[in-house]
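# Notes for the structure review
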Amino acid sequence: MFKEWKGIIRKADLVLLFLILVFCAATSVWAYRAGDTGSVVRVEVDGAEYGTYLLEEDQVIEIRSDYGTNQLTIQDGKAFMSEASCPDQYCLEQHRSEGGISRSNQTLICLPNRVVVSVSGGSSEDTDGIDVIAGSPEQGKDL
Amino acid sequence: MKKAENTGANRFRPGLNRAERSRKQASGVALSSVLVALTLIFSYVEMLIPFNFGVPGIKLGLSNLVVLVALYVLGPGYAFVINMVRIMLSGLLFSGLSAMLYSLSGGLLSFLVMLVLMKSRLFSPVGVSLGGGVFHNVGQLLVAALVTETVKIFLYLPVLTVAGTVTGTLLGFAAALILRRMGRLPEWNVPMGTGTDTD
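Here is what the cut-offs are and how they apply
Residues numbered from 1 in each chain as written. Chains lettered and ligands numbered in written order. Predicted model: local features only at pLDDT ≥ 70, side-chain atom pairs only at ≥ 80, totals over all residues. Heavy atoms only, no water. Helix = DSSP H or I, 4+ residues; strand = E, 2+ residues; numbered from the N terminus. Buried < 20%, exposed > 50% of the residue type's maximum accessible area, 1.4 Å probe, protein only. Contact = heavy atoms within 4.5 Å. Areas by Shrake-Rupley, 256 points an atom, 1.4 Å probe, with all protein chains shown as cover. Pairing = 2+ DSSP bridges. Axes fitted to C-alpha atoms, helices over the stretch in contact; angles between N-to-C directions. Core = buried A, V, L, I, M, F, W, Y, C linked by side-chain atoms within 4.5 Å. Patch = residues over 30% accessible without salt bridge, like charges linked within 9 Å, V, L, I, M, F, W, Y side chains within 5 Å. Salt bridge = Lys/Arg side-chain N within 4 Å of Asp/Glu carboxyl O. Buried area = accessible area lost by both parts, 1.4 Å probe. Polar contact = N/O pair within 3.5 Å; in protein donor to acceptor, adjacent residues only side chain to side chain. Nonpolar A, V, L, I, M, F, W, Y, C, P; charged D, E, K, R; others polar.

## Quick word on the overall build of chain A
- Each helix and strand in chain A was counted, giving one helix and seven strands.
- Each helix (α) and strand (β) of chain A, taken in turn from the N terminus, gives the series α-β-β-β-β-β-β-β.
- In chain A, which comprises 143 residues, the share counted as buried stands at 43%.
- Partitioning the contacts of chain A with sequence separation of at least 6, the portion at a separation of at least 24 is 45%.
- Of the roughly 7800 Å² of accessible surface on chain A, 54% is carried by carbon and sulfur atoms.

Now the structure itself:
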């Protein structure tokens, strides 16, 4: 069956594939570097700030806007989306396997409701006037 | 080597007489509408398959296979119209207007990239589809970043690029096999290590 697959690929295809893989590797290093452990989650709706919440406190936050409603849960220092009115429900899956987001390079994004949840206030960043000690000293900070 | 008589370039050759040309145009329009219907069926089938990675935009994109084949067989003009009509209709039928914005940006950017890669005559359909697949996702991310006004959304770029590479390559192979069966692989498409293969 795979005999037919021969004689299709050209040299330029492989060059393109190689370039894309290099690009992938480079962006992965940028995206998955171990971020600083943050202290607060910042919620934005349609680019405007909705509120910031401490990661230390277990809480359930209702995010209501014209675009829809989301329920953000903070549990054991990690934040995840527990309910959403959006049709695709992608946000409920994001970072769910790790228990939620807690580092500064992680986000929860609900595109239909235009909700962006990000972590900020790590040990090196300014904490927006909130005086809290950032959680555990982070491991594997430098790659 | 057998030469294909009716390749894309001389399909609408100006030398043809008027009646012949309008007949060809009518068949082109009819074929395009059949292909649009096919893309809608593909979109519907894909919608039925539950496929949730937590990141929107990861899917096989079977309808892009149709666009890719149309690009080679009918030419850029028809392929572009098929692509646009497909996005409008599947947006209205299945995904809704806001999701249509994402498929529109992805569809436009990927079409542009595929056109350039094809016209360069350096790539086989596999390379063309690969580039199209990756840039489809880049286009969607660009609009998502604009809508949410968050640059952090580009954190999804690696995942989406890998997904685009895999699906693009698979669809490219499928397109190449279809085009070869149709006798429509362009003659400039000389694969590596040729000369040995007598088809």
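## Comments concerning the sheet that holds strand β4 (residues 68-75) of chain A
Residues and elements named next belong to chain A.
- Read across the open sheet, the three strands follow the order β3-β4-β5; overall the sheet is antiparallel. In this open sheet, the two edge strands, each paired with only one partner strand, are β3 (59-65) and β5 (78-84). Ignoring which end each strand starts from, the neighbouring axes of this sheet average 25 degrees apart.

## Let's talk about the nonpolar core
- Ranked by size, the top nonpolar core spans 32 residues in total, and within it Tyr72 and Val128 of chain B carry the most contacts.
- Counting only elements with at least two residues in this core, the list comes to α1 (11-32) of chain A together with α2 (18-48), α3 (62-73), α4 (76-95), α5 (97-119), α6 (125-148) and α7 (157-182) of chain B.
- The element best represented in this core is α3 of chain B, accounting for nine residues.
- Ignoring any residue separated from it by four or fewer positions in sequence, one finds valine 128 of chain B in contact with Leu68, Tyr72, Met114, Leu117, Met118 and Phe123 of chain B.
- Counting residues in hydrophobic clusters, the runner-up holds 21 residues, among them Leu72, Ile101, Val117 and Val119 of chain A.

## Regarding a nonpolar patch on the surface
All names here are of chain B.
- Taken together, the side chains of Phe80, Val81, Val85, Met88, Leu89, Leu92, Leu93, Leu97 and Leu108 define a hydrophobic patch exposed on the protein surface, amounting to about 800 Å² of accessible area.
- Secondary structure elements with two or more residues in the nonpolar patch: α4 and α5.
- The greatest single-element share of the nonpolar patch, amounting to seven residues, is contributed by α4.
- Here valine 81 is to be found in helix α4.

## Quick word on the sheet that holds strand β7 (residues 115-120) of chain A
Residue and element names in this part refer to chain A.
- Strand order in the open sheet formed by four strands is β2-β1-β7-β6, with antiparallel pairing between adjacent strands. Each end of this open sheet is capped by a strand with a single partner; those strands are β2 (48-54) and β6 (107-110). Each adjacent strand pair in this sheet contributes to an overall mean axis angle of 20 degrees, direction not counted.

## A look at the pairing of β4 of chain A
Residue and element names in this part refer to chain A.
- Of all the eight residues making up β4, six are buried; the element is thus mostly covered by neighbouring parts of the structure.
- Strand direction decides the pairing type here: β3 and β4, joined by seven bridges, are antiparallel. Directly across from valine 60, in β4, lies its bridge partner threonine 73.
- Hairpin connection between β3 and β4: a loop of two residues separates the two successive antiparallel strands.
- In terms of strand pairing, β4 meets β5 through six bridges, oriented antiparallel. The residue bridging threonine 73 from the neighbouring strand is phenylalanine 80, located in β5.
- Count of turn residues in the β4/β5 antiparallel hairpin: two residues, of which aspartate 76 carries a positive phi of about 50 degrees.

## A few points about the interface of chain A and chain B
- Facing 37 residues of chain A, the contacting portion of chain B comprises 42 residues.
- For the pair chain A and chain B, the summed buried area comes to about 3700 Å², and 67% of that belongs to carbon and sulfur atoms.
- Counting the surface chain A buries against chain B, the share from its top three residues, Ile8, Arg10 and Leu111 of chain A, is 19%.
- Our count for the contact surface shared by chain A and chain B stands at zero salt bridges.
- Summed over the shared surface of chain A and chain B, the result is six residue pairs in polar contact (both at pLDDT 80 or more).
- Of all elements in the fold, only α1, β6 and β7 of chain A reach the threshold of two or more residues within the side of chain A that touches chain B.
- Considering each element in turn, the side of chain A that touches chain B owes the most residues, 14 residues, to α1 of chain A.
- Considering only residue class, the side of chain A that touches chain B consists of 18 nonpolar, ten polar and nine charged.

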